[in-house]
Amino acid sequence: MLAELDVQPVDDPLTALAQLAGQVVAWQQAIAEIVNRIGDEVRYEGKAGAEQLRAEVGLYERAMDRTNTVLSTIARLDIDGRLARIEEAKAQLLMDAVQAGLAAIGVTGEQAATVKQVMARKLRAVK
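A. Region of interest: unusual backbone geometry. We note that Asp-78 has phi near 55°; this positive angle belongs to a residue other than glycine. Of note, Asp-78 is situated in the loop between helix 2 (55-77) and helix 3 (79-104).

B. Examining the environment of Trp-27 more closely. Relative to the elements of secondary structure, Trp-27 occurs in helix 1 (residues 13-38). Its relative accessible area of 48% is what places Trp-27 among the partly exposed residues. Sequence spacing of Trp-27 and Arg-66 is 39 residues, and the spatial spacing of their C-alpha atoms is 9.8 Å.

C. Structural detail: the environment of Gln-23. Of note, Gln-23 is situated in helix 1. The sequence separation of Gln-23 and Arg-85 amounts to 62 residues, and the corresponding C-alpha distance is 24 Å.

D. Spatial organisation of helix 3. With 26 residues, helix 3 extends 37 Å between its outermost C-alpha atoms, agreeing within 8% with the 38 Å of an ideal straight helix rising 1.5 Å per residue. Within helix 3, burial applies to Ile-79, Gly-81, Met-95 and Leu-102. Those residues of helix 3 that are buried are in contact with helix 1, helix 2 and helix 4 (109-126). Positive backbone phi, approximately 85°, marks Gly-106, located one or two places after helix 3.

E. Quick look at the pattern of salt bridges. Overall, the coordinates contain 3 salt bridges when judged by the stated rule. The residue Glu-56 makes a salt bridge to Arg-54 at a minimum N-O spacing of 3.0 Å. A residue is classified by how much of its surface remains accessible, and Arg-54, at 24% relative accessible area, is partly exposed. Between Arg-85 and Asp-78 there is a salt bridge, with its nearest N and O atoms 3.3 Å apart. Residue classification places Arg-85 among the partly exposed positions, given a relative accessible area of 46%.

What counts, and at which threshold
- Residues numbered from 1 in each chain as written.
- Predicted model: local features only at pLDDT ≥ 70, side-chain atom pairs only at ≥ 80, totals over all residues.
- Heavy atoms only, no water.
- Helix = DSSP H or I, 4+ residues; strand = E, 2+ residues; numbered from the N terminus.
- Buried < 20%, exposed > 50% of the residue type's maximum accessible area, 1.4 Å probe, protein only.
- Expected span 1.5 Å × (residues − 1).
- Contact = heavy atoms within 4.5 Å.
- Salt bridge = Lys/Arg side-chain N within 4 Å of Asp/Glu carboxyl O.

This is the structure we're talking about:
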């Protein structure tokens, strides 16, 4: 299947890791629902008479471990903070470009300040 996919390099690993976290948490929750449905029957007796643990329980344990690993990585790397700083830097670049454009056409003073205030409000609304 991988050979058939159009695999692209990851240009934004921070966002990719945040998306992976969402998938990992969703998977853990989905498996939790399955385990909840089996109730008290988490074990069964195999054909040889030995007690067996249901595969769903093992899947759930692995899902919890993976969730912990991904979320711990995100917390350790301050992914949310980094993404916020990237977005703030993009907004600042945009504001700087507009300010340079206003200055180039001679818009200064209160008019330039009004344009920057309106832009700042609009940019905050987009977040």
